[in-house]
Amino acid sequence: MVQGTTSDAGKSTLVAGLCRVFHRHGQRVAPFKPQNMALNSAVTRDGGEIGRAQALQAVAAGLEPRIDFNPVLLKPSSDTKAQVIIQGKALTSLEAAAFFGPESRDYKAAAMQAVLASWHRLQQEFDWLLVEGAGSPAEINLRQGDIANMGFAEAVDCQVILIADIDKGGVFAHLVGTLALLSESEQARVKGFVINRFRGDISLLQSGLDWLEAHTGKPVLGVLPYLDALHLDAEDALVQTTAQSQGAATEQPVTAQSARAQSETTQSERTGTRLRVGVLVYPRISNHTDFDPLRLHPDIEFYYIGPTHQGELPGLDLLLLPGSKNVRADLAFIRQQGWDKGIARHLRYGGKLIGICGGFQMLGHSIADPLGLEDLPGTSQGLGYLPLTTELQAEKQLLNVSGTLRLGQSSASVSGYEIHCGVSRIPDQCTQPLLLNERDGDANSVSATEPAKITEPAKITEPAKITEPAKITEPAKITEPAKITKPAKTTKLAKITVPAQIAAVRSEGLLSEDNQILGSYLHGLFDSPEACELLLAWAGMTASQGHAVDINQQRQQQLDRLADVLEQHLDFNKIINIFKEEDQGDR
């Protein structure tokens, strides 16, 4: 099991890398994270929902994502409230005290039961399980009933590798301090250290490594270098981008004056041919990995636009409203920032606008949450650009889909997934640009109010084999907004476009009459290079043939790159010995 001295120490990335290393060497390995807290998620082949990081790790191991890889997922909707997803199924949102406070016993017992059930099933199928912890095992205020770190390790009797990020500073204090806060039995489980994100001459670090091994009696299993431009799906935080030599994504400061000046120019009037694309970043943004193909596109000047930029938005060709875990609260945030006026200005000067999932809902006339699924019950007025109304319902749609995007006389294949509680109604006469069908029948709807059935406690027959990897660079957080706004016409509503399952093939999404605004529930809209090129041409890009990034191919290449680095810098003889020690313990 890989545990970290801090959040963002490199646990997720290194578990992914180890999955790829062992998969390349013919081992049947699978990732496992008992409990994750993240807003980026994925739909599994068995119709559930897990953290995006575990979906990536599954790809690294040559597997399709499944619910057992992440049996407990927490998706925050506010600072004190989160939706609980157990074995892929959404339960009621709970207050923070219900997770961690004195009244949390029932939740933790049920969650641990689900965790052990998933663990037991995977144990029967795979040679090794590569487990990722959450946060730090030294968070002593959360120790009682812990299911994410040492509480889980003790329950299944697995060994631990501790990873620390030297780029944060104080790496030796992090490692020694974390070890000191563990119990004696937990300290004994830690079989070695990995130091992540090192820059410079390794010989300058050697005396510190020698001291660490002598002081703790535990080996350093490797020092991993800082990897520039490692492009892998982010678990939660936004990826901090800077200008790159090939002209990929940039993130630049935008002043009110420059934003106003830029907003009054069209793309053809600006120097250069790169398309300017911006994503609004609100507090509960989710599944922002949708925009990785744009962020990495060589002909795009990419911006994340966050709360430091109020009111004015930079001049953009394309503005994107991403998904949200609390749509009504994030819509209120847009208005507080003055971005609604910026959106209107953006449209007035001919910019294009796309809303995905929660962003799609915001573009309509109203969003109702009568059950209080995301926040207090109530209804909020939308931005009014598309003729739809949305109501959040208890049944959560989890769909893997594929199909066709049609814009004008052109079309392109698309594939992706839908995750939403919203049911949106639109008029029959509207243009829907997508024709989708469910893939492999793995779509499901699950209750967001009734506690899901927890499978029977896992027979903990023999603690399975486990080990945990090191880690590498993790994308940092970013902020920056874009713009758009302008109310649309209201028409009588009649058609339900969201609850798929009604027909194998269905129309989806909405395109405005003036061809300026597009909305869809489809996550992964830009993943297909053909669909990405079609959407960018719609937004005004010219001469970009062949430039779109194949994000799926890139993911595989980056995982191989990561695995190569791990094989070069980790002591796999020592790591294999940890596996063998665990195997002997199983017997």
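Everything below is about the structure shown above.
Every chain is numbered on its own, with residues counted from 1 as its sequence reads. In keeping with the model being predicted, local features are shown solely for residues with a pLDDT of at least 70 and side-chain atom pairs are shown and tallied solely at 80 or more, while totals for entire chains, interfaces and linings include all residues. To obtain the side-chain values, all non-hydrogen atoms of the structure were included, while hydrogens and water were left out.

Draft legend 1. Local environment of the sheet that holds strand 28 (residues 510-511). DSSP bridges decide pairing: two strands pair if at least two such bridges lie between them. Each helix is a run of DSSP H or I of at least 4 residues and each strand a run of E of at least 2, with the numbering of both proceeding from the N terminus. Taken in spatial order, the six strands line up as 15-13-16-18-29-28 in an open sheet, and their pairing is mixed. The outermost strands of the open sheet, each flanked by one partner alone, are strand 15 (300-305) and strand 28. Across four bridges, strand 16 (residues 318-321) lies against strand 18 (residues 352-356) in parallel orientation. Bridge pairing links Leu319 to Leu353 in strand 18. By definition in these notes, contact holds between two residues if any of their heavy atoms fall within 4.5 Å. For helices, the axis comes from a line fit to the C-alpha atoms of the stretch in contact; other axes are also lines fit to C-alpha atoms, and the angle between any two N-to-C directions lies between 0 and 180 degrees. Each of strand 13 (275-280), strand 15, strand 16, strand 18, strand 28 and strand 29 (517-520) is contacted by helix 14 (residues 529-539), which is oriented at about 140° to strand 18, the strand it contacts most.

Draft legend 2. Region of interest: helix 15 (residues 551-569). Between the first and last C-alpha of helix 15 there are 27 Å, a value that for 19 residues agrees with the 27 Å anticipated at 1.5 Å per step. In this scheme, a residue with accessible area under 20% of its type's maximum is buried, one over 50% is exposed, and one in between is partly exposed, where area comes from a 1.4 Å probe on protein chains only. Taken together, the buried positions of helix 15 are Ile551, Gln554, Arg555, Gln558, Leu559, Leu562, Ala563, Val565 and Leu566. Among the residues of helix 15, the N-terminal cap falls to Asp550, whose side-chain oxygen and the backbone nitrogen of Asn552 are separated by 3.2 Å. For a helix, the expected span equals 1.5 Å multiplied by the number of residues minus one. For the purposes of these results, a polar contact is taken to be a pair of N or O atoms within 3.5 Å, where, inside protein, one atom must be able to donate a hydrogen and its partner to accept one; residues adjacent in sequence count only when each atom of the pair is a side-chain atom.

Draft legend 3. Structural context of the packing of helix 1 (residues 11-24) against helix 2 (residues 52-60). Two elements in contact, helix 1 and helix 2, have axes whose closest approach is 8 Å; the angle formed by their N-to-C orientations is 20°. Viewed along their axes, helix 1 and helix 2 adopt a mutual orientation that is roughly parallel. The interaxial crossing formed by helix 1 with helix 2 has right-handed handedness. Across from Ser12, Val15, Ala16, Cys19, Arg20 and His23 in helix 1, the residues of helix 2 making contact are Ala53, Leu56, Gln57, Val59 and Ala60. Orientation categories follow fixed angle ranges, with anything under 35 degrees roughly parallel, anything over 145 roughly antiparallel, 65 to 115 roughly perpendicular, and all other angles oblique. In this scheme the crossing of two helices becomes right-handed for a clockwise turn of the near helix relative to the far one and left-handed for an anticlockwise turn of less than a right angle.

Draft legend 4. Geometry of the state of the cysteines. Cysteine sulfur atoms that pair up within 2.5 Å are treated as a disulfide. If you walk through the whole model with that rule in mind, you get zero disulfides. There is no disulfide at Cys357, and the cysteine sulfur nearest it, in Cys421, is 9.3 Å away. Among the residues examined, Cys357 registers a relative accessible area of 7% and is labelled buried.

Draft legend 5. Broad picture of the packing of aromatic side chains. Each Phe, Tyr or Trp ring, with Trp reduced to its six-membered ring, pairs with another whose centre is within 6.5 Å; inter-plane angles below 30 degrees give stacked pairs, above 60 give edge-to-face pairs, and intermediate values give tilted ones. This structure, assessed with the given rule, holds 11 aromatic pairs. Among the aromatic residues, those joined into a cluster by ring pairs are Phe22, Trp128, Phe572 and Phe579. Of note, Arg199 hangs over the ring of Tyr226, and the distance from its end group to the ring centre comes to 3.6 Å. We call a charge positioned over a ring when the NZ of a Lys or the CZ of an Arg lies within 6 Å of the ring centre and within 35 degrees of the ring normal. One cation-aromatic arrangement involves Lys352 over Trp538; the distance from NZ or CZ to the ring centre is 4.3 Å.

Draft legend 6. Fine view of the environment of Glu374. Positionally, Glu374 belongs in the loop between strand 19 (366-369) and strand 20 (378-381). The sequence separation of Glu374 and Val327 amounts to 47 residues, and the corresponding C-alpha distance is 7.8 Å. Apart from the residues within four sequence positions on either side, Glu374 is in contact with Ser77, Ser324, Lys325, Asn326, Val327, Arg328, Asp369 and Leu392. Within the structure, the side chain of Glu374 is placed 2.8 Å from the backbone nitrogen of Val327, a separation counted as a polar contact.

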